[in-house]
There are 2 protein chains.
Amino acid sequence: MPARLKIVISYDGATFAGWQSQPQGDTVQDRLEAAVQQICGMRSGVHGAGRTDAGVHALAQCAHFDAPDRRFSPARWISALNALLPPQIRVMRAVYVPKTFHARFSASGKVYRYRIWTGRVLPPFELGRAWHVATELDLGRVTSAAHMFAGRHDFAGFAANRGRRVENTVRTLRSIRVRRVGSLLTLEFDCDGFLYKMARMLTGSIIRTAIGKESMRDIRERLSHPVRSANGPRFAAPADGLFLVRVKY
Amino acid sequence: MPARLKIVISYDGATFAGWQSQPQGDTVQDRLEAAVQQICGMRSGVHGAGRTDAGVHALAQCAHFDAPDRRFSPARWISALNALLPPQIRVMRAVYVPKTFHARFSASGKVYRYRIWTGRVLPPFELGRAWHVATELDLGRVTSAAHMFAGRHDFAGFAANRGRRVENTVRTLRSIRVRRVGSLLTLEFDCDGFLYKMARMLTGSIIRTAIGKESMRDIRERLSHPVRSANGPRFAAPADGLFLVRVKY
């Protein structure tokens, strides 16, 4: 009898063209589906909780797929998948779940972390893993701007179009945590769901506000008159600094 | 009048064939010398405090070179060099020093850090930056083995030949700090000087002792009857996990 597996995956986004399968490009989903097929001998879709863009990293993306049976223990699935996957993608955990579980639809929220390096020189070890904003950022301004987004809002003004229109753009941002350790500034967004490029657009807006290129009023305006901007992506922080940290169920 | 500059450099060892210039291979020293030459219009040797092997990283390698004059401020040197260097090499700091300063001969010691991932699966973000020893390591055993090396010893039994013979193989290991945070085990060696591959051979020996492949007596034996082993490198921990953390003056 088919059995559903939930897996937790970590990947370095720099190596892949994002999560989702595409006609062109090497994606994390493609790699996982190929590995599952090689193990099972049959095709089985691997459904992720969220579609991360090219360059965006995951500490703990979640996904599910259906195995033909329960012959393999979860530990064996981890070993078998990792043996076939490139080292930039690792299955960290696996567990059998009821057939009613769906990585995307069962998720109650996600946590994304954005890393910003504010020192004058970007250390080589932060390359591709942080946005280099070589400016002393006023932590008070960053925090004030960030907190304007907390709560339930229509975030249409902070999302990019992905082609088709999403009906409901109201989301609840449960919390935004701002932390600074040395030159590293971290923003952590805990939300019941993210619109396309939302975490990056919020980050872009917060940083632009902190350096005075935008005002708190601009944020208030865009939150109260939500219009999805065609040139939104222009205002998005780069993909490098973004990490999917957790999917909540 | 020529002026001597001391620079602090960080680099990702995975990208280069080590620090030192070689007939073949792209080295950190080559890159720095090329950048200095392009700025000064003349060749000037860049002398490092230590020659890190291919794959070994540096958070803060030190080096010096002679500029033709003091026309550029240290801050300008940092910008100019970083503009020419690949992002995997960054000049973090620069300062003019007296002509008597020598990056290697003036150093009173160095600190190397070795990172070991003991979890079952190596997260993609540790790739090339930690040694994956997928075993629960007994912290007590690791610490006991590590502390056998502390103090003044003839470390010939924990060094590889680099072709020519070093006369004096006695060194003082001022401290070894062992730390574990989650699955990451860190060994930090503070020594007045390191022999060739010494940090990696000490690490290899400590870990082999911790997992029972070697005994404390083996270590005591090799310390009291120091013979430089021809097959030493075989026992060295991989380069990936090693970081030059600090050079002391």
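In the block above lies the structure referred to throughout.
If you're wondering where the values come from, they're calculated on a predicted model, not measured in any experiment.

A. Region of the structure containing the relation of the copies chain A and chain B. With an RMSD of 0.0 Å, the operation that places chain A on chain B is a rotation of 180 degrees combined with a shift of 0.0 Å along the axis. Taken together, the rotation and translation describe the operation of a two-fold axis. Relative to the rotation axis, the C-alpha of Phe125(A) is the closest in chain A, positioned 5.0 Å from it. The fraction of interface residues of chain A whose copies in chain B are also interface residues reaches 100%, indicating that both copies meet through the same surface.

B. Just the side chain of Asp190(B), in detail. Residues and elements named next belong to chain B. Counting through the fold element by element, Asp 190 comes out in strand S9 (residues 184–191). In this structure Asp 190 comes out as buried when scored by relative accessible area, which is 11%. If sequence neighbours within four positions are ignored, Asp 190 has contacts with Lys 110, Val 111, Thr 172, Leu 173, Arg 174, Ser 175 and Lys 248.

C. Region of the structure containing the interface of chain A and chain B. Contacts between the two partners involve 25 residues from chain A and, on the opposite side, 25 residues from chain B. Each partner contributes to the roughly 1,800 Å² buried at the junction of chain A and chain B, and carbon and sulfur atoms together form 68% of this total. Among the residues of chain A in contact with chain B, Val121(A), Pro124(A) and Phe125(A) are the three that bury the most area, contributing 37% of the side total. Our count for the chain A to chain B interface comes out at 0 salt bridges. Seen at the junction of chain A and chain B, the total is 6 residue pairs in polar contact (both at pLDDT 80 or more). Mapped by element, the contributors of at least two residues to the side of chain A that touches chain B are strand S1 (3–11), strand S3 (57–67), helix H2 (74–84) and strand S4 (89–97) of chain A. In terms of residue class, the side of chain A that touches chain B is made up of 16 nonpolar, 5 polar and 4 charged.

D. Structural context of helix H2 (residues 74–84) of chain B. Residue and element names in this part refer to chain B. The set of residues buried in H2 consists of Trp 77, Ile 78, Leu 81 and Asn 82. Within H2, the buried residues cover an arc of 120 degrees as seen down the axis, which keeps them to one side. Buried residues in H2 make contact with strand S1 (3–11), helix H1 (28–40), strand S3 (57–67) and strand S4 (89–97).

E. Layout of the packing of helix H4 (residues 198–210) of chain B against helix H5 (residues 216–224) of chain B. All names here are of chain B. Where H4 contacts H5, the axes come no closer than 9 Å and their chain directions differ by 150 degrees. By the angle class used here, H4 and H5 are roughly antiparallel. Judged by residue contacts, Met 201, Ser 205, Arg 208 and Thr 209 of H4 engage Met 216, Ile 219 and Arg 222 from H5. Broken down by class, the residue content of the contact of H4 with H5 amounts to 3 nonpolar, 2 polar and 2 charged.

What counts and how
Residues numbered from 1 in each chain as written. Chains lettered and ligands numbered in written order. Predicted model: local features only at pLDDT ≥ 70, side-chain atom pairs only at ≥ 80, totals over all residues. Heavy atoms only, no water. Least-squares fit on C-alpha atoms with pLDDT ≥ 70 in both. Contact = heavy atoms within 4.5 Å. Helix = DSSP H or I, 4+ residues; strand = E, 2+ residues; numbered from the N terminus. Buried < 20%, exposed > 50% of the residue type's maximum accessible area, 1.4 Å probe, protein only. Buried area = accessible area lost by both parts, 1.4 Å probe. Salt bridge = Lys/Arg side-chain N within 4 Å of Asp/Glu carboxyl O. Polar contact = N/O pair within 3.5 Å; in protein donor to acceptor, adjacent residues only side chain to side chain. Nonpolar A, V, L, I, M, F, W, Y, C, P; charged D, E, K, R; others polar. Arc of directions from axis to C-beta. Axes fitted to C-alpha atoms, helices over the stretch in contact; angles between N-to-C directions. Parallel < 35°, antiparallel > 145°, perpendicular 65-115°, else oblique.

Keep in mind that these numbers describe shape and distance, not what the molecule does.
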